[in-house]
Every structure is written in C-alpha cells, then in structure tokens.
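Remarks on the overall topology
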Amino acid sequence: MTPAQQLRRDIETCELPHPMFVAHLTALKQRINDALDGFAPKITRVPGPSGVGKSSLIATLSRDYPHKLTDGRRSIPVLVVEVPQSATAKLLPKSVLRALGLEVRSSMTAGAMFDLMVMQLRIANTRVVIFDEISHLVDEGSRVPPRAASDWLKTLSDTLKLTLILFGIPKLELLFKANEQLRRRACPARIFLPYDASDLQEMKAYISCVANYARLFNAAGYPIGVSTRVLTQQSYLLTGGLIGVLADFMRELASSMTNEAPRAITYEDCQRALDDVSHAGSPHLLAFQDAANEDIDVAPAALKQAYVHVLTSNAASIPVRKKLGEKR
C-alpha cells in the first residue's frame, strides 16, 4: 500500500469520538440496554441537520448490537430500518420486512403485510427498531398524512412493546405535533446540533476534530501546511459546525493526494478539494476562497452566519444561549 493509499484508508476509517456524538451515543445505548433488559419501552427521536453525524450514530449502534444466531435461529434484538422516500402504508411494513431479510409479494394488502411484519419481529425477538430517515414520512407530497404515520408508529410500539428510535431532519417533529398519544409515549427530542462557533466549549470540540484529522495527515507523511487557526476557521465556513461535512472534506483532501508522493498539503490543495464537497455553511462567505487572504482571521459574525445557515436551511430552530452569569 502506498503512503497515499494509507492516508486515504486512515482518513476514511477514522471515527471521532467527539463530545456531542458520545453524549447521544451514550444516551441511546442506555435506552437500548433498558429495552433489552425488559424495562418499559420508550420512543426516542433524534432530529438533526443533514451531515451532523446521525448516520454515524446508526452505524455504531448497529455494530454494537449485532444480529445473533441461537440454536440455529437468527435473533435481531436491534433492527435498523431505512424509510424510503414517498413511503406508503404498504411500504412501511415492507421496509421493516426487508430489513429482516424477507421479501414479500407486492400483491399483499397493507393489513396482511402489517400482520406479517408483527409476526416476523416476534420471531426475530426484536426489542428495538431504529428508523433512519423517518422524516421522509412528512416530506412534501408524502402519501401518508402525518397523523396516519404517527398512528402507525404508535401502533407498532404498542403491539410489540417495542422501543423505537427515530432519526431524521428536524421536520420529523411534525409526526409528534400531529399525535398527542405519540408524544406521551416519547422522550423529549434529543436534538443533534452542529458545533456553534460562538460557544467556547463547542468550538474547542470542533478544533479538536480538525486537529485529529491533521495528525492523521502528518502521520502518513502529508502534513497540512496551513495553520490550525486558518484550517479551523476556513473549514468551519464550509461546514457550519457539521462534523459529517468536515469528514467529507478531509476524505476528499486525502483523495486528492492519490498520485502525489508524501509532501506538505497547501492552501491551494484545500481549495481544489472543495470541488467535490457540498458547501453547507453560509453562501455569503465561502471557504478557502482567496489564497491571498489565507492568514486573515475570519470574523466571528461570519462563523456564526455559517452555523445559522445550516440550521435554517434544515428547518431547525436556533438555540437560545444563556448569557454569561445567567442562571439556568
């Protein structure tokens, strides 16, 4: 394996246990462990902008709670289900059955498919179902009204005494606004937010993520020849505090070294890597725009604007920060 290939492998397999990720992971694993130990089920939702790290959370949970084989029978205590776009009353149970490894006839009625799903979940001894992209149920033009979708989730949880964990962008809250009974069965939303540049502790965590990636580049023989301050500020303009977008940028930066012998990575290399990365921050000040200005500090207001743009473009509310010295 060449140094460039090793760099790409290191970056692509890097898992950053940053504070927000760890906090959500710890809480969700406690909820899952409670369900597996036979305690009362609960519905938990994790709304957050695209790119914040929800997929990484799901991947980690799936890995930490694998399928089991007991006496020749497969047990799936924690099942991950991807909700398709334009889901219907038939597609929802069909998606669950597909996640269980079963294909069903399209000619089945929605009721028959629901009954089959319930039976197969019992056979698999499933106690927790994780729904990825549950917000597809409230997409514009969805064929399942929010009330009907929320009733379906409530019925599924009640019928099998299941713990449900729902992931999606912030508009998944429409499911809970439409159904008071679903709200009563649920915990308060665990909102997964990007790191806020105006919060010292959160920015410290973001800087740590950037530094961890920089160490991997350096260890592979491709040190990033841009100061930590500049790299942090410019990448923040790109990401608006989204660690998933930061990871995408670092992967593309590593990929751009494929045909390069070990050398220092330049500001211009960072600029070129952006050709393959979707800009998440404010469109009013793009990242790595002017090499001549690479040593100039980015104004705090511009960093805040990148953060706010990420939230507003994902229909998320801006958190209200406590003033210094104000009681909680």
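Residues numbered from 1 in each chain as written. Predicted model: local features only at pLDDT ≥ 70, side-chain atom pairs only at ≥ 80, totals over all residues. Heavy atoms only, no water.

The protein is annotated in an unreviewed UniProt entry as TniB family NTP-binding protein of Herminiimonas aquatilis.

The next thing to look at is the pattern of salt bridges. On inspection of all chains with the given rule, the structure shows 16 salt bridges. Linking R63 and E15 is a salt bridge whose minimum nitrogen-to-oxygen distance equals 2.8 Å. Of the two residues, R63 is situated in helix α3 (residues 54-64) and E15 in the loop between α1 (3-12) and α2 (19-36); the sequence distance between them amounts to 48 residues. The partner of D64 in a salt bridge is R63, with the nearest N and O atoms 3.8 Å apart. Taking the relative accessible area as the measure of exposure, D64 reaches 32% and is therefore partly exposed. R63 sits in the partly exposed class, given a relative accessible area of 47%. Because the salt bridges share partners, they merge into one network encompassing E15, K29, R63 and D64. (Salt bridge = Lys/Arg side-chain N within 4 Å of Asp/Glu carboxyl O. Helix = DSSP H or I, 4+ residues; strand = E, 2+ residues; numbered from the N terminus. Buried < 20%, exposed > 50% of the residue type's maximum accessible area, 1.4 Å probe, protein only.)

Running from amino to carboxyl end, α2 crosses α3 at an angle of 40°, the nearest separation of the two axes being 11 Å. In terms of orientation, α2 lies oblique with respect to α3. In the packing of α2 onto α3, the handedness of the crossing is right-handed. The segment α2 lies against α3, with F21, H24, L25, L28, K29 and I32 engaging S56, L57, T60, L61 and D64. Within the contact of α2 with α3, the residues separate by chemical class into six nonpolar, three polar and two charged. (Axes fitted to C-alpha atoms, helices over the stretch in contact; angles between N-to-C directions. Parallel < 35°, antiparallel > 145°, perpendicular 65-115°, else oblique. Left-handed = near helix turned anticlockwise from the far one by under 90°. Contact = heavy atoms within 4.5 Å. Nonpolar A, V, L, I, M, F, W, Y, C, P; charged D, E, K, R; others polar.)

For the protein, per-residue confidence averages 92 on the pLDDT scale, and residues scoring 70 or more make up 96% of the total. Between residues 322-328, whose pLDDT stays under 50, and residues either more than four places distant or in other chains, the model counts two contacts. (pLDDT = per-residue confidence, 0-100.)

The four strands lie next to each other as β1-β6-β5-β4, forming an open sheet whose pairing is parallel. Each having just a single partner strand, β1 (43-47) and β4 (78-82) make up the two edges of the open sheet. Each neighbouring strand pair of the sheet contributes to a mean axis angle of 15°, computed without reference to strand direction. Across four bridges, strand β5 (residues 128-132) lies against strand β6 (residues 163-168) in parallel orientation. Directly across from V128, in β6, lies its bridge partner T163. Where α2 meets the sheet, its contacts fall on β1, β4, β5 and β6, and the angle it forms with β6 comes to roughly 155°. Running at roughly 150° to β6, α3 makes contact with β1, β4, β5 and β6 of the sheet. (Pairing = 2+ DSSP bridges.)

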